[in-house]
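Below, each chain spelled out in residue letters.
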Amino acid sequence: MSITFSANISDPNTHSVSEPCLCAQMAESFSAAMDGDFSDAVKADLQGNAQDGCPWCKGTGVETRTQDDRPELNLANDNAKRILAVLNIPFDHCGEITIPEARRAVLRALNSSGAEALERPEEAVYGRPRAQEDGSVALRPLRSYSPPLTTDDILSRVRRFSALIEEAANRGATCIYWN
Ligand SMILES: [Zn+2]
């Protein structure tokens with residue numbers, strides 16, 4: 001789960017992006033296409049390996065989607081919670097603040113020592129000993145892991161949030177929202 005911050009830019013530029021369709025992943029040229037090569041030979045190879053009637057690429061092996069260039073900052077849920085906390089903005093899964101409010105929040109956050117209290121230690125959760133397929137026993141199988149988040153990590157995300165605000169403001173946005 002993640003939270004995406006963006007802004008109310010009224011006329012983002014859109015452009016279309018081509019990607020090789022997963023139904024053609026057996027094509028020899030698949031990885032070249034992943035790197036953006038859509039020469040005629042690559043297209044023919046993708047088409048030859050695509051599934052007829054695939055709903056995503058219509059059997060061409062090439063999927064085209066529209067992307068806009070609205071600035072975005074995508075954060076894992078727990079990171080977003082901590083960033084909003086250091087910005088002194090009440091947490092909610094979606095919300096909206098004006099650009100001036102957002103700028104003030106960033107200034108306060110960068111000039112306070114609030115981030116220290118929001119650090120997150122590395123967390124690894126281990127399960128019970130478990131027999132594995134090869135017959136050996138894993139004594140401490142790793143069940144989940146969340147990486148640490150240091151003060152520097154928190155402040156670097158605040159700076160990225162600040163860059164988002166300034167780009168949005170330059171492009172005529174009046175508020176930042178997240179969801
Ligand atoms: Zn397809």
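Residues numbered from 1 in each chain as written. Predicted model: local features only at pLDDT ≥ 70, side-chain atom pairs only at ≥ 80, totals over all residues.

Caption draft 1: Broad picture of the overall build of the protein. A tally of helices and strands in the protein yields five helices and ten strands. For the protein, the C-alpha radius of gyration of 23 Å lies well beyond 16 Å, the compact-globule estimate for 179 residues. Along the first, second and third principal axes, the C-alpha atoms of the protein reach 60 × 55 × 25 Å. By residue count, 21% of the 179 residues in the protein fall in the buried class. When contacts within the protein are restricted to residue pairs at least 6 apart in sequence, those whose partners lie at least 24 apart make up 69%. (Helix = DSSP H or I, 4+ residues; strand = E, 2+ residues; numbered from the N terminus. Rg over C-alpha atoms; globule rule 2.2 N^0.38 Å. Buried ≥ 20, exposed ≤ 12 C-beta atoms within 10 Å, placed from the backbone. Contact = placed C-beta atoms within 7 Å.)

Caption draft 2: Main features of helix H2 (residues 40-49). For H2, every residue scored as buried is listed here: Val42, Asp45 and Leu46. Buried residues in H2, looked at end-on, bunch into an arc of 100°, giving them a common side. Turned more than 90 degrees from where H2 packs its buried face, Asp40 and Ala41 sit exposed. Structurally, H2 contributes buried residues whose contacts are with strand S2 (14-20), helix H1 (30-34) and strand S3 (62-68). (Arc of directions from axis to C-beta.)

Caption draft 3: Representation of the packing of helix H4 (residues 99-110) against helix H5 (residues 151-170) within the structure. It is at 10 Å that the axes of H4 and H5 come closest, and there the two elements cross at 155°. In terms of orientation, H4 and H5 fall into the roughly antiparallel class. H4 and H5 meet at a crossing whose hand is left-handed. Contacts between H4 and H5 involve Ile99, Ala102, Arg103, Val106, Ala109 and Leu110 on the former and, on the latter, Leu155, Val158, Phe161, Ser162, Ile165, Ala168 and Ala169. Here the contact of H4 with H5 is composed, by residue class, of eleven nonpolar, one polar and one charged. (Axes fitted to C-alpha atoms, helices over the stretch in contact; angles between N-to-C directions. Parallel < 35°, antiparallel > 145°, perpendicular 65-115°, else oblique. Left-handed = near helix turned anticlockwise from the far one by under 90°. Nonpolar A, V, L, I, M, F, W, Y, C, P; charged D, E, K, R; others polar.)

Caption draft 4: Quick peek at the nonpolar core. Counting 21 residues, the largest nonpolar core has Ile83, Val106, Phe161, Leu164, Ile165, Ala168 and Ile176 as the members making the most contacts within it. At the level of secondary structure, the elements contributing two or more residues to this core comprise strand S1 (2-7), helix H3 (77-86), H4, H5 and strand S10 (175-178). Of the residues forming this core, the biggest block, five residues, is contributed by H5. Counting residues in hydrophobic clusters, the runner-up holds nine residues, among them Cys21, Ala27, Ala33 and Ala50. (Core = buried A, V, L, I, M, F, W, Y, C linked by C-beta atoms within 7 Å.)

Everything listed is a geometric property; what it means functionally is a separate question.
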